[in-house]
Structure formats: C-alpha cells, structure tokens
Amino acid sequence: MIIEIVKIFVFPGIAFILFMAFFSSWMVRKIVARMENRVGPPFLQPYYDMGKLLAKQRVYPHESIASIMHLMPMIQLGVAILIALFMPVYSPKGILSFDGDVYFILFLISIHGATAYFVGWASRNPYTISGAGRAVMTEISLEIPLAVSIASMGIMTKSIRISEMTEKLGISMFPRTETGEIVNKLTWLYLIPWTILIIVAIYSAIGALELSPFSAPHAETEIVHGWSTELTGADLAMTEMADMVNLFNLSALITAIFLGGPRTGLIILNLIEPWTYVIGFLFFLMKFLLVMFILSYIYVLSGRLRIDQIISALWSYFLPLSLIGMLLVLILETIGG
Amino acid sequence: MTSLIGYLSASKQALKNLFSKPVTVMFPAEHVSLPKGYRGTPVLIPEKCTLCMKCERVCPTGAILIEKLDKKNGYFTIDIGKCCYCQECEKACNFDAIHLIDKWLTASDNKEDFVTKHFVQRNGKKKEE
Amino acid sequence: MSDQQLLEIVKNALIKSPWVSHLNCGSCNGCDIEILAVLTPRYDVERFGIKLKGSPRHADVLLCTGSVTRSMAPRLKRIYNQMADPKFVVAVGSCATNWGVFHNCYNTLGGIDKVVPVAMYIPGCPPRPEAIVFGVYKLLLKLASLDLEKQEEKDSVSNLTQEPIRSEEVTT
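The numbering scheme is per chain: residues are counted from 1 as the chain's sequence reads. Chain A is the first chain written and ligand 1 is the first ligand written, with later ones labelled in order. Given that this is a predicted model, residues contribute local features only at a pLDDT of at least 70 and side-chain atom pairs are listed and counted only at 80 or more, while totals for whole chains, interfaces and linings are drawn from all residues.

1. Here we look at the overall build of chain B
By the criteria applied, helices consist of DSSP H or I runs no shorter than four residues and strands consist of E runs no shorter than two, each listed in order from the N terminus. Helix and strand content of chain B: four helices and five strands. The secondary structure elements of chain B, listed N-terminal to C-terminal, are α-β-α-β-β-α-β-β-α. Scaling as 2.2 N^0.38, a compact globule of 129 residues should have a C-alpha radius of gyration of about 14 Å, whereas chain B reaches 23 Å, well beyond that. On the principal axes, the C-alpha backbone points of chain B span a range of 75 × 30 × 25 Å. Radius of gyration means the value over C-alpha atoms here, while the globule rule gives 2.2 Å times the residue count to the 0.38 power.

In structure tokens:
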C-alpha cells in the first residue's frame, strides 16, 4: 500500500514527473542557447518562472468568460500528468497500464488542442481566436500521422499496450534463438520503416508541443501570443507547466515505443531484481536525452511555417510517409511472419 | 533542394556552436571594448569655460542650459536625460571646455541624477588667449 | 511557512525571471534596434532569465521607447493597465526619459513618465546594449532591496495578495 502511494506521488509519479518536466524544459532552452552560441538560462530557471507566475495577479478581460479561462489550464495540466503516469520509466510497465492505452493517450493528447480552443474562444480577443483555430487545425492534422505511425509499431510488435510494445520491440525487430543468434534474415529490413515512422512521430510530437516549425498557434508577435495571449498569473503558469509536462510525455512516448524505453536492447545483461530497474532507468534517461536533443535540434534549425504550409506539410508529406511506413511493415510481416 | 543544402549547412554550424565557447560577453563581470571616438556622457571642465553660450545655441535638444548671474559668473547645467550625444557642443567650443567621455552606464531611477550643475567663474586670462 | 517567508521566495523568483514586453511609443526605431541587439547571442540576457514576450499580459517589465506621441498616449496607458501586478516600466533612450531630439515638438508629450509611472530611466541616443542590460540589472537590484512590509507605492510586490480583478474597458 505504502509502496503504491510512493509510486504515485514520488517516484515515478507526480514529483518525479514535475522534476523531469522542468528539467526537460531547461534542457531544450539550454541546447537551443548553446546551438545559437549563447550561454543560456541557469538550471533553476523553470522553477523561478513558475514561482513568479503562480504569485502574479490574475486579470480577466472585459466580457471574457473567467470560469473557462481559469478551468481549462488546470485541465491541461491534469491531463498532461495523467498521460505521464502511463510512461515506462524504470521497468517496461508504467504506473497505469491496460490494453489499448496507446490510443487512450492519443485521445488525451487531442484534449490539449480542444482546451486550447476553449481558452482562445473564452478570451474574446481576435488574436486568441485565430490562435485557437490554428491550434485545433494543427492538432487535427498531426493526430493522424502520429496515430498511423504508432499503429504500425503496434503491428510490428502485435500489441496496443505500451508495456508490451516496449518489451516486444527488440524481440520482434531482432528475433533470436536461445543461444543468442538472430533468426530472421529480414531483420535489418525492419530498420527502413522504423526510420520513416520515427521521423513522422518526432515531427508530430513537435507539432503537438507547438514548437518551430509548427509554432503558428503561438506565433509570438505575429498574433501577439496565440491562444494564450490573455492568460495571466496562475492560469498562465498552469499552461506553461502543461507544456513542460507534455515535452516529457511525448519524448518518453517516442522513447518507449520506438527505442524500447528502459529495455537494454541488444545488450544482454543477467542481473538480479533491483539492479535491472537501476540499469533500466539509466537506459531510459540516455534514450530520453537523445530524443530531447533531436527535438531541440529540429526546433533550433527551422523557422516558423505559415498555417497553410503546416496543414499541407502534415497532410501531403507526413501522412503519406506514415502510410508508406505502415505498408512496408505489413509487407515485411507477411513475408517474414 | 536548395533548402535542404541550407538545412545541412545550418546544422553543421549549429553542431559547431554546440561544442565551442559561447560568444556571449558576461556583461556585469566583463566589458566590451568601446570603439575609438565613442560619444558618451558630455562633461564640462569649469575652469576652461567662458560662458560664451555657443554650446547652448548649437545644442539641438536643449540639454545645455546656461544661467548667467552677471558678466563673469553663471550656472552651467547639463542634462544627459535630454542629450542626444551629437558632439556639436564639443565641436563648437573654442576653449576645449566640454568633452564627450566614454561613460555610458548611466541608468537611474531618478531623473535628478542626470542633471549636473556647475558654478562657472569666468577667468580673464583665458579670454585673452 | 509564514507570509513573510513566502513573499521573500516570490520576490526572489521575480528577480530571477523578469519577462519583458517591448512597446514603441513614437521612437525613431534606433532604441528598438538596440533592444533587439540585447537579445542577440553577444549580450544574451536569457542568463538572467529575461525573456521577450509578445503579450503585455505575460510581462513584468514594459520596455518603452520614444517620446510619447499624442495618439500613442492613450494606448500606452491602456497597455499599462492590461499588465498584471507587479509591473514595472523602463524608459529606454533620451526621448523616453526627457523628450530628447523631439525637444519642444507640438505632437509629443515628452517622456513616458508623463503618462505612466516609470521605475528606471536609461538615457542614451540610442543607449548601448550594455546600458540597457545595466538598466534592467539595476532595476532588479532595486527590487531586491525593496522592503516588502513598508512599501506602499503602486508598483510594489506587496500587491501580490490581491484578489483577481476583472479589467474594465478603458475609455480613451
């Protein structure tokens, strides 16, 4: 009982999630700063930002709907933390885990777009409304490539449960006999659809996080600050924190589904019970940092696309790419399986 | 295709920056070297001033104000809150009494700090030179 | 934890992360370009936690340039009212401080402080980027030495415990 409570509230639960969220936010800002040849913010910067924002005064504009503007950011943070509870951190199984949880997570990610629309609509401001429309359009466009790429990995591993997908990834891509030899001769061909699918997933994750090149929903100074223009004080702190937690979520999701999460991969280690968890956690951290690095690398190198360019890029390049990946997986499964 | 090449060269630059020392000047600890002839705060040397009013006449922003008490004495006021650092006063002065020095960290929360008031007594000798 | 300790923590957080918003009230654009130069890698201000925000609702510090033109004055007042407490205004450049090169112009009011209370003046035409960084740095030092109990001015950290307000429509 006590162990369960510690798991939910401390590690790998809420306290750990918030720490990782703040850490990953700092990490992205620092990597971006270093790539732009600057020094970057200090380590505790996200904590200072949140402390300041939580204490600031809240202002609701004339004729806006204050209750929605107050409630939606809280829902965003709650949903983000709920997604984070599914993420495998030290063992292939997260705190919450059931059959089909991948699709439950996709549903929760799309709630973020809906709440963004409600915030923009409740603020009664032309900038927030146009930002909200863009947020929903981006959300709808990226949902399908992300869903297709995750479904392809589900076909590869024959599961729609994160823990099983994580566990079976190495076995289904590189099946072995008991002596350790790789059985299937098609095994290296799986890397082709895998590469296509991970590219699609990473770009979709960037779209969900509203980073460059898909940062049109925020679009600083073009439409002031997008859908969150009129948020102040604690409400803004909640959305910012939800963004940070989502940064952790999507990186951890890609780590779990495409890179095998806390699994050691091709390295076979025979360890006793607590040490498998420690090694698993270290492997998770390494893969997580790699994904974060790729995210911030794309973020720093790209400019902001217009909203019509975002829509056409996601529908006419990334969706076909994900479908090609799915087709390749199906062909390989039919030939090899 | 050209955009892809641009993307690759940008990524090369980004990776190079990642592993090199940042160009940032750690400002309060170290300073940037100023260019030669930098126009900073105007400073008066009261001993050389003859209260000829030339600088007040050329000043485009009214930052220099001379109040004469009588023929030989007067108050000379410079307000750097108004000054546009154009160096016209230094060019106009025949006695090298006003200079633009390289002092530029002048921010303050009180406008009174920007005003410097000098009491100037005209020296007979200087006028003859 | 007492209220005093909590306020102390909040004050430290505020000093470590001042978000700025930038407003041109009829400047010649010289100061605006210097403000942008502050954000470049050479004078990187993100190491102080300073972040340029598009929306004045998110900002703590409003960087104003230019002697206020008659048509900009009500807008400046309105944008100042839109910001959430605690808020501070920094006047950048000689025009914003004390009229500058627009000296005696009939269509300008002559300084930000004619319209809204100003916390820090940065003279210069335009000020060097270091001078702007120094101005914001000095503002933070001033904040650090604020006595929260005794402070009764409008621009203070003690307004933090205030109830959320609903801003009224500003009539111009």
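Still more ground to cover, so stick around.
2. What about the interface of chain C and chain B?
Here contacts are defined at the residue level, using C-beta atoms placed from the backbone and a cut-off of 7 Å between them. At the junction of the two partners, chain C supplies 27 residues and chain B supplies 25 residues. In the scheme used here, Gly and all other residues not listed as nonpolar or charged are polar, with Ala, Val, Leu, Ile, Met, Phe, Trp, Tyr, Cys and Pro taken as nonpolar and Asp, Glu, Lys and Arg as charged. When its residues are assigned to classes, the side of chain C that touches chain B shows 14 nonpolar, seven polar and six charged.

3. Looking at unusual backbone geometry
The linkage connecting Ser212 of chain A with the following residue, Pro213 of chain A, adopts the cis geometry, with an omega of 0°. Secondary-structure assignment places Pro213 of chain A in the loop between helix H8 (191-209) and helix H9 (233-259). With an omega of -10°, the peptide bond between Cys125 of chain C and Pro126 of chain C qualifies as cis. Considering the arrangement of structural elements, one finds Pro126 of chain C in the loop between strand E5 (120-122) and helix H5 (129-144). Here the phi dihedral of Leu51 of chain B falls at roughly 55°; this positive angle occurs in a residue that is not glycine. Within the secondary structure, Leu51 of chain B is located in the loop between strand E1 (42-44) and helix H2 (54-58). Located in the positive-phi region is Met53 of chain B, a residue other than glycine, with phi close to 70°. Inspection of the secondary structure puts Met53 of chain B in the loop between E1 and H2.

4. What about the sheet that holds strand E2 (residues 64-68) of chain B?
Residues and elements named next belong to chain B. Strand order in this open sheet of three strands is E2-E3-E5, and the pairing throughout is antiparallel. On the outer flanks of this sheet lie E2 and strand E5 (115-121), each paired with one strand and no other. Adjacent strand axes in the sheet meet at a mean angle of 20°, parallel and antiparallel pairs treated alike. Pairs of strands are assigned from DSSP output, requiring at least two bridges between the strands. Here strand E3 (residues 73-79) runs beside E5; their pairing, made up of seven bridges, is antiparallel. Following the sheet pairing, Ile78 is matched in E5 by Thr116. All axes here are fitted lines through C-alpha atoms, helices being fitted over the stretch that makes contact, and every angle between N-to-C directions spans 0 to 180 degrees.

5. Comments concerning the sheet that holds strand E3 (residues 61-65) of chain C
All names here are of chain C. Pairing in this open sheet of five strands is parallel, and the strands run E2-E1-E3-E4-E5 from one edge to the other. This sheet does not close on itself; its edge strands, each paired only once, are strand E2 (51-52) and E5. Across two bridges, strand E1 (residues 19-24) lies against E2 in parallel orientation. Across the sheet, Trp19 pairs through a bridge with Lys51, a residue of E2.

6. Some details on the packing of H9 of chain A against helix H10 (residues 273-301) of chain A
All names here are of chain A. With their axes 9 Å apart at the nearest point, H9 and H10 run at an angle of 115° to one another. Helix-helix and strand crossings are classified by hand; for H9 and H10 the assignment is right-handed. Of the residues in H10, those touching H9 at Ser251, Ala252, Ile254, Thr255 and Leu259 are Phe284, Lys287, Phe288, Val291, Met292 and Leu295. For the contact of H9 with H10, the class distribution of residues is eight nonpolar, two polar and one charged. Each crossing gets its hand from how the near helix is turned against the far one by less than a right angle, where anticlockwise is left-handed and clockwise is right-handed.

7. Details of the interface of chain A and chain C
At the junction of the two partners, chain A supplies 32 residues and chain C supplies 27 residues. For the side of chain A that touches chain C, the secondary-structure elements that each account for two or more residues are helix H3 (45-55), strand E1 (59-60) and H9 of chain A. Element by element, the count of residues in the side of chain A that touches chain C is highest for H3 of chain A, at six residues.

8. A short note on the nonpolar core
Put simply, a nonpolar core is buried Ala, Val, Leu, Ile, Met, Phe, Trp, Tyr and Cys residues tied into one set by C-beta atoms within 7 Å. Three exposure classes are used, based on other C-beta atoms lying within 10 Å of a residue's own C-beta, which is placed from the backbone: buried for 20 or more, exposed for 12 or fewer, and partly exposed in between. Of all hydrophobic cores here, the largest spans 145 residues; its most connected members are Ala21 and Val245 of chain A together with Cys64, Val89, Val90, Ala91 and Val92 of chain C. It is H9 of chain A that contributes the most residues to this core, 17 residues altogether.

9. Considering the packing of helix H2 (residues 14-35) of chain A against H3 of chain A
Residue and element names in this part refer to chain A. Direction vectors running N to C along H2 and H3 enclose 115°, while the axes themselves pass 8 Å from each other. Judged on the interaxial angle alone, H3 and H2 are roughly perpendicular. Contact with H2, carried on its side by Phe22, Ser25 and Trp26, involves Gln45, Pro46 and Tyr47 of H3 and no other residues of that element. Along the lines of polarity and charge, the residues of the contact of H2 with H3 split into four nonpolar, two polar and no charged. These descriptions rest on fixed angle ranges, namely under 35 degrees for roughly parallel, over 145 for roughly antiparallel, 65 to 115 for roughly perpendicular, and the rest for oblique.

10. Side note on helix H5 (residues 101-122) of chain A
Residue and element names in this part refer to chain A. The first and last C-alpha atoms of H5 sit 31 Å apart over 22 residues, in line with the 32 Å expected at 1.5 Å per residue. Within the sequence span of H5, burial applies to Val102, Ile105, Ile109, His112, Gly113, Thr115, Ala116, Tyr117, Val119, Gly120 and Ala122. Arg124 sits one or two residues past H5 and shows a positive phi near 55°. The length a helix should cover is 1.5 Å for every residue beyond the first.

11. Concerning the pairing of E1 of chain C
Residues and elements named next belong to chain C. Whether a crossover is right-handed depends on one test, that the path from the first strand over the helix to the second runs clockwise when the strands point away from the viewer. Regarding the hand of the β-α-β motif, the stretch spanning E1, helix H2 (residues 30-38) and E2 is right-handed. Bridging between E1 and E3 involves five bridges; their strand directions are parallel. Residue pairing for E3: Asn24 is matched across the bridge by Thr65.

12. Remarks on helix H4 (residues 66-84) of chain A
All names here are of chain A. With 19 residues, H4 extends 28 Å between its outermost C-alpha atoms, agreeing within 8% with the 27 Å of an ideal straight helix rising 1.5 Å per residue. Listing the buried residues of H4 in full gives Met69, Met72, Pro73, Gln76, Leu77, Val79, Ala80, Ile83 and Ala84. For H4, the arc enclosing every buried residue in end-on projection is 165°, short of the 170-degree limit, so these residues lie on one face. In this structure, the buried residues of H4 make contact with H2, E1, H5 and H9. Here the arc refers to the set of directions running from the helix axis out to each C-beta atom.

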